[in-house]
Structure formats: structure tokens, C-alpha cells
Amino acid sequence: MEHQALHLRHQPLVPYQLTLLNPKLALSYDCGVACQGRCKLSKRPNLCKRACGSCCSKCNCVPPGTAGNREQCPCYANLTTPKKVHKCP
């Protein structure tokens, strides 16, 4: 257990890891701010923010940056539309 705690100190925790360590943090994740950052370069920011907000509310995380980095939030990365297209920007 002590080795695991040391391992976590050396790497920044991403939101989904924080919610696993402390479920109360899941309630405090700010999807609006996270999606604003994720969608700031989008050509269709309103659509991007709406899709991102929907994904964030289900997953309590948004990958960092304006694109990519999906491996840091697997739930967000794996959500798809009924046509099997990635739902989350």
C-alpha cells in the first residue's frame, strides 16, 4: 500500500483517478470549465460544448487539451452514438 501511495505522488492525477480515490470528488468536477477548455478551438463550439457536457456528466472527466489525450479518460473515449461514432469531442 505504501508503494502505491508513493507511485501516485510522482504522477499528476487526472480527474477520473481522483474520483476513484475519493468518490465525493466526482460531485465537484466542473464540466462547464473542462468543456470550455476542450472546445475552445472548435469550429462549432456550441455543439462541441453540448456533446462534451453530456459525456462529462456521465464520466465525471474530460481529457486535457483541445483534442486527443483520450487515454486519460477511458469512459469519455468509449462513449459512442447509436451509429458507433465517437460521441465525445
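Residues numbered from 1 in each chain as written. Predicted model: local features only at pLDDT ≥ 70, side-chain atom pairs only at ≥ 80, totals over all residues. Heavy atoms only, no water.

Draft legend 1. Spatial organisation of the nonpolar core. Counting 14 residues, the largest nonpolar core has C35, C52, C56, C59, V62, C73 and Y76 as its most contacted members. Mapped onto this core, the elements with two or more residues apiece are α3 (31-38) and α4 (45-59). For this core, the element with the most residues is α4, which contributes 5 residues. (Core = buried A, V, L, I, M, F, W, Y, C linked by side-chain atoms within 4.5 Å. Buried < 20%, exposed > 50% of the residue type's maximum accessible area, 1.4 Å probe, protein only. Helix = DSSP H or I, 4+ residues; strand = E, 2+ residues; numbered from the N terminus.)

Draft legend 2. Summary view of α3. Within the sequence span of α3, burial applies to C31, A34, C35 and R38. Angular distribution of buried residues about the axis of α3 spans 95°; they occupy a single face of the element. The secondary structure elements touched by the buried residues of α3 are α4 and α5 (74-78). Two or three places before G32, at the start of α3, stands the capping residue D30, its side-chain oxygen 3.1 Å from that residue's backbone nitrogen. (Arc of directions from axis to C-beta. Contact = heavy atoms within 4.5 Å. Polar contact = N/O pair within 3.5 Å; in protein donor to acceptor, adjacent residues only side chain to side chain.)

Draft legend 3. A look at α4. Over its 15 residues, α4 runs 20 Å from end to end, which matches the ideal 21 Å to within 8%, given 1.5 Å per residue. For α4, the full list of buried residues reads C48, C52, C55, C56 and C59. All buried residues of α4 lie within an arc of 100° about the axis, which places them on one face of the element. In α4, the exposed residues that point more than 90 degrees away from the buried face are N46, R50, S57 and K58. Those residues of α4 that are buried lie in contact with α3 and α5. Of the residues flanking the end of α4, it is N60, one or two places downstream, whose phi is positive at about 55°. (Expected span 1.5 Å × (residues − 1).)

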